[in-house]
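Below are the chains, spelled out letter by letter.
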Amino acid sequence: MNREQIKRLIKAVDRFTDVFLGHILPVQLTYFFTYLLYYDPILEENVHDSTTITISLLMILPLFFSLVRTATVYDRPLREAYLASPAEGFKGKLTFWFRQTQFWVETAVFAGLYLLLPIHWTSAVLVDVFCGGNTASKAKLLAVYLPMLFLLHLLARLSAMQVWTDLQRGKNVNRWRLEEKRSMTKRLVETILVYAFCGTMLSFSLPILAALLPFLKKGLTVTVILLLALLLLTPTVFRSLRAFRKRRAFVKRFIAVCKERGYSATAVRYPYRSLFFLYRGEDFRVTVGEKQFACKLLCAKNKRSPLALYANGICQYARIVRLLTVELFQYDKVGKFGFEADCPKVLILNPVPLQVVKFEGSKAIQLDNGDIVGDYKIFSATAFLNALERDVLDR
């Protein structure tokens, strides 16, 4: 092992020690904060012990996943090693990690800290729930808990690989700012603060809700539960309403432009249902003089999720799941917008995301209005209407 490799391993140990501290500190602090918040000095006990346990348990595993994923994304040597020869398929990606000395060193550091330190220093809530002070029980607990953490550790690494691939292709570069100094530290601190904030909010809201439910009538209880579900779904509802508003505005202006300029057009097929489903074939056809254009509407409800278009009529959305500002994980959703037509084909993005790309080889190329992908000319809704009004759709 040369000097450079030793330096890398020392840096990896340091990074994973930060992850370890970032993992146990918020969970421990939330546990003790909620414990003190509901401690009754007269009864000398925690009057809402179940709340304390629930909140801490809710934080442990997702926080660990987020911290490992973030630390891995910013690991430059590993990123460069992976992108130099990207692994193909799930098996190939697993093999990549299992062959990395750094991976096993970091795993050993994390497991070693758990084994060497008293468990009530690292996971007081687990001692409370599963051990009851029994040393033998603690050993059994670690025998289950550490493999769970290892699995999450591995899943977080695999999730980071998707980010590396996107960054190499030119997608989501600004989202991570890998070259910015202290960017990883900022991300880790942000992750810890967000989880701590959510834990604190839950510590206040869960006991209040638990206390209110027995006094509420059945109908009112259902109403409260529905309101809470609506609150959780607020981002999705907001994006859907925004998409509906933009689609309605497009359809109205499209009809107005056609009337004003004397163009003939078919009715827009499923103008609102197509916000949620991709239907086969064209959505409408517009005739400008002797020229016809077959048009299809494509919706990107989340403007922050990049959209990739392929010449074969396939589109790919990057779905990013977040907890407030912290990115938990991402996955790709694939759809098919392609259709057959006997005239020029136009793809209209409405609503349009902040980033639309096509691929040339493995490189993502940013698209602009009027660019061509396969047989399709790409426009945002506003650009399409402006081009239609000026009769320059075919230029």
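Reading the values: the criteria
- Residues numbered from 1 in each chain as written.
- Predicted model: local features only at pLDDT ≥ 70, side-chain atom pairs only at ≥ 80, totals over all residues.
- Heavy atoms only, no water.
- Helix = DSSP H or I, 4+ residues; strand = E, 2+ residues; numbered from the N terminus.
- Expected span 1.5 Å × (residues − 1).
- Buried < 20%, exposed > 50% of the residue type's maximum accessible area, 1.4 Å probe, protein only.
- Arc of directions from axis to C-beta.
- Pairing = 2+ DSSP bridges.
- Contact = heavy atoms within 4.5 Å.
- Axes fitted to C-alpha atoms, helices over the stretch in contact; angles between N-to-C directions.
- Parallel < 35°, antiparallel > 145°, perpendicular 65-115°, else oblique.
- Left-handed = near helix turned anticlockwise from the far one by under 90°.
- Salt bridge = Lys/Arg side-chain N within 4 Å of Asp/Glu carboxyl O.

Chemist: Please set out helix 5 (residues 101–116) residue by residue, giving values where relevant.
Modeler: Along its 16 residues, helix 5 runs 22 Å from first to last C-alpha, staying within 8% of the 22 Å computed at 1.5 Å per residue. Every buried residue of helix 5 is accounted for by Q102, F103, E106, T107, V109, F110 and Y114. Down the axis of helix 5, the buried side of the element spans an arc of 155°, and every buried residue falls inside it. Residues of helix 5 that are exposed and angled more than 90 degrees away from the buried face: L115 and L116.

Chemist: Tell me about the sheet that holds strand 9 (residues 345–349), residues and numbers included.
Modeler: The strand order across the open sheet built from 6 strands is 3-4-5-9-13-12, with neighbouring strands paired in mixed fashion. Every interior strand has two partners, whereas the edge strands, strand 3 (264–265) and strand 12 (372–373), have only one. Across 2 bridges, strand 12 lies against strand 13 (residues 376–380) in antiparallel orientation. Each bridged residue has a counterpart across the sheet, and for I372 the counterpart in strand 13 is K377. Strands in contact with helix 12 (residues 234–261) are strand 3, strand 4 (284–288), strand 5 (291–298) and strand 9; relative to strand 4, the strand with the most contacts, it is inclined by about 30°. Sitting on the sheet, helix 13 (residues 381–390) is in contact with strand 4, strand 5, strand 9 and strand 13, with an inclination near 105° to strand 13.

Chemist: Would you mind going over unusual backbone geometry in detail, with residue names and values included?
Modeler: In this structure, P351 follows N350 across a cis peptide bond, with omega equal to -5°. Turning to its location among the elements, P351 is positioned in the loop between strand 9 and strand 10 (356–360). Positive phi values are uncommon outside glycine, yet D391 reaches one of about 60°. Positionally, D391 belongs in the segment after helix 13.

Chemist: Hey, could you go over the packing of helix 3 (residues 76–84) against helix 4 (residues 89–98) for me, with residue numbers and the actual values?
Modeler: Closest axis-to-axis distance for the helix 3/helix 4 pair is 12 Å, and the angle between their directions is 140°. Comparing their axes, helix 4 and helix 3 come out oblique. The two elements helix 3 and helix 4 cross, and the hand of that crossing is right-handed. Contacts between helix 3 and helix 4 involve L78, A81 and Y82 from the first element and K93, F96 and W97 from the second.

Chemist: Let's hear about the pattern of salt bridges: which residues, and what values?
Modeler: Inspection of every chain in the model, using the stated rule, returns 7 salt bridges. The partner of R269 in a salt bridge is D283, with the nearest N and O atoms 3.1 Å apart. Of this pair, R269 sits in the loop between strand 3 and strand 4 while D283 is found in the loop between strand 3 and strand 4, placing the two residues 14 residues apart along the sequence. Two residues, R285 and D342, come together in a salt bridge whose shortest N-O distance is 2.9 Å. You can see R285 sitting in strand 4 and its partner D342 sitting in the loop between strand 8 (326–336) and strand 9, a full 57 residues away along the chain. On the basis of relative accessible area, R285 is assigned to the buried category, the value being 16%. Because the salt bridges share partners, they merge into one network encompassing E282, R285 and D342.

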